Amino acid sequence: MSLEASRGDCVAMEPRAVGVSKQDIREQIWDYMESQNLADFPRPVHHRIPNFKGASHAAEQLPRLQAFQTARTIKVNPDAPQKSARFFVLESKKTLLVPTPRLRTGLFNKITPPPGATKDILRKCATSQGVRNYSVPIGLDSRVLVDLVVVGSVAVSEKGWRIGKGEGYADLEYAMMVSMGAASEETPVATIVHDCQVVDIPEELVEEHDITVDYILTPTRVIATGCERPKPMGITWFKISREMMEKIPILRSLRAREQQAGKDVTLQGEHQHLPEPGRQQTVPLSADRRPPDTPGPEANSMEAARGSPPGEGALLTADVFVGNLPQDARVSDLKRALRELGFVPQRLTWQGPRLRAFLHYPDSATAQQAVSCLQGLRLGTDTLRVALARQQRDK
């Protein structure tokens, strides 16, 4: 496999390269950018979304896109070559969302510049340090709707095929946005790259979970790819490893929610366990799937009980404590949040004046899963405290 010079600094992959892999293309791009001194700090660009000389000039193409002009909320990746893109979003008074690094603490941060911020302050907000200092997290329960996605790339083709640095975070972020309703297959995707990163990519390298791009912005041109290949329809769970589930807590919440909805969430290397003949199968409780004779979420068993706290004997490990409720919170607010996450309890004990509630689940396994997936749950601006009830009482 080799690269041929084309359009000055632009390079093109040989169309009949045999056995070429994504990693081959990455290495060729990284080596070329370093050898031709096209790379910018941080260097070397290997194993990164490469920053390049002229990145800010390429980003100037972004505000001219119709998709940008009509967008209200734009998600931009946190890498260095997209710093100017983040600035233009803020300067245009649009909502800027930036993914959290490696999705460790959630999916998005919303950048909130201080009132009356000057251009210099907005430029600081667009840096990685500014993202840390001027942002608030956006949870799964938010009603965010992303109108445009800007991603980084190592390589991209004029047909819209994209290759990242190999960790899969941009693909996963898009799939997670679709799963939580923040994006759809119609949400446009743009990428900002150097001309040399626009190469021929064999279509057989493009996988089902790979995000494709609609616009390519370089220092010299804007390419509308007209890509018709469908974007990811959601998370491809069989591509997700147990290790990734451990590293990304929000994935666990999304998986639990989709499992409650009856979707196949079998992980990589995992086999579905079918119930043995004659053995009763325990189905996690949800608004649509619940054991026979169990009242639904709107029945009286879920109505608020505004009495005294449950006695010591009632605080079983199948009960979940929810604390730090806002002063103005209503039981319907909590019910709605639980229903959206797919963890509707059999019964709910509401103690609004004491800013707490107890959720009663059918067994300890379901309660523990609820505790794990409800971490970070917010009502309004307040983050709730969630723990197993006995643990809370002992504490």
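Relevant structure appears above.
Attention here is on the structure that accompanies the text.

## What to know about helix α9 (residues 249-260)
With twelve residues, α9 extends 17 Å from end C-alpha to end C-alpha; this agrees with the ideal 16 Å at 1.5 Å per step. Burial analysis of α9 places nine of its twelve residues in the buried class, which makes it a mostly covered element. Those residues of α9 that fall on the buried side of the exposure criterion are I250, L251, S253, L254, R255, A256, R257, E258 and Q260. Tucked into the core, α9 has its buried residues touching α7 (169-179), α8 (242-247), α10 (331-341) and α11 (364-373).

## Digging into the sheet that holds strand β4 (residues 95-99)
One open sheet holds the eight strands; their spatial order is β6-β5-β4-β3-β7-β10-β11-β12, and the pairing between them is mixed. Only two strands of the sheet have a single partner each, and these edge strands are β6 (135-138) and β12 (222-224). For this sheet, the mean inter-axis angle between neighbouring strands, taken without regard to orientation, is 25°. Bridge analysis of strand β10 (residues 189-192) against strand β11 (residues 215-217) gives three bridges, and the strand direction is parallel. Its bridge partner lying in β11, I192 is registered against L217.

## Regarding the pattern of salt bridges
Per the stated rule, a full pass over the model turns up 16 salt bridges. E207 serves as the salt-bridge partner of K22, at 3.5 Å between the closest nitrogen and oxygen. Of this pair, K22 sits in helix α1 (residues 22-35) while E207 is found in the loop between β10 and β11, placing the two residues 185 residues apart along the sequence. According to the relative accessible area criterion, E207 is partly exposed, its value standing at 32%. For E207, the salt bridge goes to K239, with nearest N and O atoms at 3.2 Å. Residue E207 is located in the loop between β10 and β11, and its partner K239 is located in the loop between β12 and α8; the two are separated by 32 residues in the primary sequence.

## So, the nonpolar core
M177, I235, W237, L251, L334, L359 and L374 are the most contacted members of the largest nonpolar core, which totals 64 residues. Here this core gets eight residues from one element, more than from any other, and that element is α7. With sequence-adjacent residues up to four places away left out, M177 is seen in contact with K75, L107, F108, V146, V149, A182 and A183. Counting residues in hydrophobic clusters, the runner-up holds 47 residues, among them A39, A71, V154 and W161.

Definitions and cut-offs
Residues numbered from 1 in each chain as written. Predicted model: local features only at pLDDT ≥ 70, side-chain atom pairs only at ≥ 80, totals over all residues. Heavy atoms only, no water. Helix = DSSP H or I, 4+ residues; strand = E, 2+ residues; numbered from the N terminus. Expected span 1.5 Å × (residues − 1). Buried < 20%, exposed > 50% of the residue type's maximum accessible area, 1.4 Å probe, protein only. Contact = heavy atoms within 4.5 Å. Pairing = 2+ DSSP bridges. Axes fitted to C-alpha atoms, helices over the stretch in contact; angles between N-to-C directions. Salt bridge = Lys/Arg side-chain N within 4 Å of Asp/Glu carboxyl O. Core = buried A, V, L, I, M, F, W, Y, C linked by side-chain atoms within 4.5 Å.

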